[in-house]
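# Survey of secondary and tertiary structure
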Amino acid sequence: MAVFPWHSRHRNYKAEFASCRLEAVPLEFGDYHPLKPITVTESKTKKVSRKGSTSSTSSSSSSSVVDPLSSVLDGTDPLSMFAATADPAATAAATDSSRKKREREDNSIVGSDFEPWASKRGEILARYTTTEKLSINLFMGSEKGKAGTATSAMSEKVRTRLEELDDFEEGSQKELLNLTQQDYVNRIEELNQSLKDAWASDQKVKALKIVIQCSKLLSDTSVIQFYPSKFVLITDILDTFGKLVYERIFSMCVDNRSVLPDHFSPENVNDTAKETCLNWFFKIASIRELIPRFYVEASILKCNKFLSKTGISECLPRLTCMIRGIGDPLVSVYARAYLCRVGMEVAPHLKESLNKNFFDFLLTFKQIHGDTVQNQLVVQGVELPSYLPLYSPAMDWIFQCISYHAPETLLTEMMERCKKLGNNALLLNSVMSAFRAEFIATRSMDFIGMIKECDESGFPKHLLFRSLGLNLALADPPEGDRLQILNEAWKVITKLKNPQDYVNCAEVWVEYTCKHFTKREVSTVLADVIKHMTPDRAFEDSYPQLQSIIKKVIAHFHDFSVLFSVEKFLPFLDMFQKESVRVEVCKCIMEVFIKHQQEPTKDPVILNALLHVCKTMHDSVNALTLEDEKRMLAYLINGFIKMVSFGRDFEQQLSFYVEARSMFCNLEPVLVQLIHSVNRLAMETRKVMKGNHSRKTAAFVRACVAYCFITIPSLVGIFARLNLYLHSGQVALANQCLSQADAFFKAAISLIPEVPKMINIDGKMRPSESFLLEFLCNFFSTLLIVPDHPEHGVLSLVRELLGVIQDYTWEDNSDDKVRIYTCVLHLLSAMSQETYLYHVDKVDSNDSLYGGDSKFLAENNKLCETVMAQILEHLKTLAKDEALKRQSSLGLSFFNTILAHGDLRNNRLNQLSVNLWHLAQRHGCADTRTMVKTLEYIKKRSRQPDMGHLTELALRLPLQTRT
């Protein structure tokens, strides 16, 4: 292709802006509101074929079609509309299901505020462990008379199964000895699975045998420290058995004609299901030993619903009385806990049985200190302070069940009964653990009096004060008692010699101190913690508790000037000497600062302290640090940097940024933030000092520019450097630092050859050309207003940039280079105008420097011709079958560039545009709709003043017809 000369068309930007403005239409505001539904008239045209005619149309219009966006306001969203048009049967079923669910929720007394047993299970298993050897006694009956034996009558079948149970109890005994705790747990889990397998294979008697033998294990207290965990494991098996039996009987009530409702009555249950249910209760009643008979019957307590309406209410008192026959107080209290658990699940409204269990327990409470128990403890070598906490899970659960939605009078009565018992520390602890926090808080001084009277030898007082502190963290005591409560509690806590006991209590009472007292009291408490935890480096074993203390302190002191004025706060931080823990604590502090610091600060106390905190986080970064962790640390440090402001003391602000750069040089996002902050500082200085061009101001701005120029090369990300060079150059230009701006732009140009073909974006490798294209387009927009250097010739930066683009190695099948050249044409066309589209205040761009000089325009046109030649050469290389679509697209794009920026009164440029139009349609690759719209646009523009030459051009641009 021949070389075509370029002639840019003259642009009157003001007139173009005026022509693009929307037409102002008078509006009567009385009938208008922006949120008012819009009425749209929709015309529908329907073709009707008729004999003897080509086509006919019938139209209908709807006069009130609501704006689709307004449907959000009236609730008719698409999902609601979809639900409304759904299958009516399915909708009815869903409605019925929702109604039943609501009824169940409304009728249930136990709500979400009742902590379920499942949430306590893991804590018990983790707390009550042992290193002693355990044993399991398995009573294995002979295999005569299996469950599958055929009999002629139901009575014979029942008799056979009862004989099997007798055989089971009188059969051989197998004992597994010397089991570790994990072996024991594994064996119990195997028995649980065996229960399920036996049930699935219709061996119901074998399943019952497994449950009975497991229940018997609850009478064994040979390894007493493990008993609470054993209780949890065995009752899991009982729960499984109870569920299987209930589901089995429930399934027998379902036939082809009816389905048992959720809230059924015994009248809805058929005779077969009732007989089966009775059969199970008869089997269980034949168990000779008390403990397995009690537990197995309690596990199927819910099945009484199939027999009578009063079955559960009659069974609960009987089972409560059965527990009186259990002599070991530890075994009996866990039996009561299990009965309370199943009672709360099946009949939470039957409070009388719960209360009866509690009062029965009080009557036997003195057994704990009797000779039998004391002798047992001596045999096992267990001290009383280690024995009493074994009762806590059971007692806490019983108290929780009783106190749930209980009236104040009942709670007061229970507390008074506990008062009357001697050595009542264990009871007192369970009361404070289970009763409502508000109840405890209002009677704080009463409880402190009871704690003082407790015997220290049985149950340590510091545990009682810890339980009291937990309640006071949730509810406030009377204002007049608050200081006395703290003094009484801390007298006991500060005397503790064991660091672990001390810190467990202090952790709880720190929150109470922070809620109700000033920084002086908080500092005193922190000083006491330091005093107790520093000797022998005891803090190394208590990092979780110390972290909890820090979190509670910063949760209540959102004013960091007050927080850091707490004398012992920073010394407290020094106890976190393990790096990973120290960093986590620093992260917590910074998260609270970012969340709650509302105003920028320049408080030196805050700045020095948080710089130290951020430095700690930064110094933890190494080669093994994960990228997510680096991002989190950078986010926290950047949040701090953004909140630092010295007002109009710009020099102090810059000094802070210089110090921050030296401290956080290993986190690139922080350096990027600092560069942006310094650029904003330079612009703010220019804004504030407007009209005051003192040497001091200019020197300060140059110092900001120098800061950025020095810092950018230390960044790793190639596009971070490119964009910051451009941004910093723009800031320098806005501050009339022309030589510094040139330096930034030249640095960016020299960096372009280093752009790799692939870059890492969020852990994935992506082609870089699209990012480079975006950067160059932004760069071109800036170059329009950059004045030429007097010593470097006309358009020196543009020429330098074009040379780099030419030498860059582009992908073989990429058209980005041509797209960039097209953008260059836009830039050069804008540069040839008498007045540029935009300017920088107090910076003379080339339109002012050259004033439309012919030599400048000639140089500009030569560059345009060079770029055009590159574009046309590339189009020529695309004349291959596999590249014809790309050629068509680029040809149309180049045509549009000439149409927008070229002077089409020039014959040769006019002819080039016609050639490009034909090229775009030559092989049928052009989009017909686009071509039609383009031609319509040309015709519309031809009707504008001084655009008559486009009329002739439109006549020379035919549309390709497809056959």
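As annotated in an unreviewed UniProt entry, the chain carries the name VPS35 endosomal protein-sorting factor-like and comes from Equus przewalskii. Regarding the chain, the UniProt comment filed under Subcellular location (unreviewed entry) reads as follows: "Endosome". Recorded in UniProt for the chain, the comment headed Sequence similarities (unreviewed entry) runs: "Belongs to the VPS35L family."

So, about the overall build of the chain. Tallying secondary structure elements over the chain gives 45 helices and six strands in all. The proportion of buried residues among the 963 residues of the chain is 48%. Considering only contacts in the chain between residues 6 or more positions apart, those separated by 24 or more positions represent 73%. When the accessible surface of the chain is summed, it comes to about 49500 Å², and 53% of that surface belongs to carbon and sulfur atoms.

Our next topic: a nonpolar patch on the surface. Residues Phe17, Leu837 and Tyr838 make up a contiguous nonpolar surface patch of roughly 280 Å² in combined accessible area. Among the secondary structure elements, Tyr838 is positioned in the loop between helix H39 (816–831) and helix H40 (846–850).

Below, the discussion takes up the packing of helix H5 (residues 118–127) against helix H9 (residues 227–252). Each pair of packed helices can be summarised by the angle the axes make with each other and by the distance between the axes. Where H5 meets H9, the axes come as close as 8 Å, and the angle between the chain directions of the two elements is 135 degrees. Comparing the axis directions of H5 and H9 gives the class oblique. H5 and H9 meet at a crossing whose hand is left-handed. Taken together, the residues of H9 that come into contact with H5 (itself represented by Arg121, Ile124 and Leu125) are Pro228, Ser229, Val232, Leu233 and Asp236. Here the contact of H5 with H9 is composed, by residue class, of five nonpolar, one polar and two charged.

Our next topic: the state of the cysteines. Taken as a whole, this structure holds zero disulfides when the rule is applied. Cysteine Cys586 remains unbridged, with the sulfur of Cys614 as its closest cysteine sulfur at 8.2 Å.

If you walk through the whole model with that rule in mind, you get 43 aromatic pairs. Ring geometry for Trp199 and Trp280: centres 5.6 Å apart, planes at 20 degrees, overall stacked. Placement of the pair is Trp199 in helix H7 (residues 181–200) and Trp280 in helix H10 (residues 271–285), with a sequence separation of 81 residues. Exposure class is identical for Trp199 and Trp280. Each is buried. Geometrically, the ring pair formed by Phe231 and Tyr338 is edge-to-face, given 6.5 Å between the ring centres and 85 degrees between the ring planes. Separated by 107 residues along the polypeptide, Phe231 in helix H9 and Tyr338 in helix H13 (residues 329–346) bring together distant segments of the chain. The residues Phe231 and Tyr338 share a single accessibility class, namely buried. Looking at Lys283, its charged tip hangs above the ring of Trp280, at a distance of 4.2 Å from the centre. The ring of Tyr808 is capped by Lys757, whose NZ or CZ atom sits 4.6 Å from the centre of that ring.

Before going further, it helps to examine the side chain of Asn735. You can see Asn735 is positioned in the loop between helix H35 (718–734) and helix H36 (738–751). With a relative accessible area of 10%, Asn735 lands in the buried category. Among the polar contacts made by the side chain of Asn735, one reaches the main-chain carbonyl oxygen of Val731 at a distance of 2.8 Å.

What follows is about the environment of Ser728. Among the structural elements, Ser728 can be located in helix H35. Look past the residues within four positions of Ser728 in its chain and what remains in contact with it is Ile675, Asn679, Cys708, Ile712 and Phe744. Reaching out from Ser728, the side chain makes a polar contact with the backbone oxygen of Leu724 at a distance of 2.8 Å.

The rules behind these values
Residues numbered from 1 in each chain as written. Predicted model: local features only at pLDDT ≥ 70, side-chain atom pairs only at ≥ 80, totals over all residues. Heavy atoms only, no water. UniProt positions renumbered as here; feature names shortened; annotations may be inferred. Helix = DSSP H or I, 4+ residues; strand = E, 2+ residues; numbered from the N terminus. Buried < 20%, exposed > 50% of the residue type's maximum accessible area, 1.4 Å probe, protein only. Contact = heavy atoms within 4.5 Å. Areas by Shrake-Rupley, 256 points an atom, 1.4 Å probe, with all protein chains shown as cover. Patch = residues over 30% accessible without salt bridge, like charges linked within 9 Å, V, L, I, M, F, W, Y side chains within 5 Å. Salt bridge = Lys/Arg side-chain N within 4 Å of Asp/Glu carboxyl O. Axes fitted to C-alpha atoms, helices over the stretch in contact; angles between N-to-C directions. Parallel < 35°, antiparallel > 145°, perpendicular 65-115°, else oblique. Left-handed = near helix turned anticlockwise from the far one by under 90°. Nonpolar A, V, L, I, M, F, W, Y, C, P; charged D, E, K, R; others polar. Disulfide = S-S within 2.5 Å. Phe/Tyr/Trp six-rings, centres within 6.5 Å; stacked < 30°, edge-to-face > 60°. Lys NZ or Arg CZ within 6 Å of the ring centre and 35° of its normal. Polar contact = N/O pair within 3.5 Å; in protein donor to acceptor, adjacent residues only side chain to side chain.

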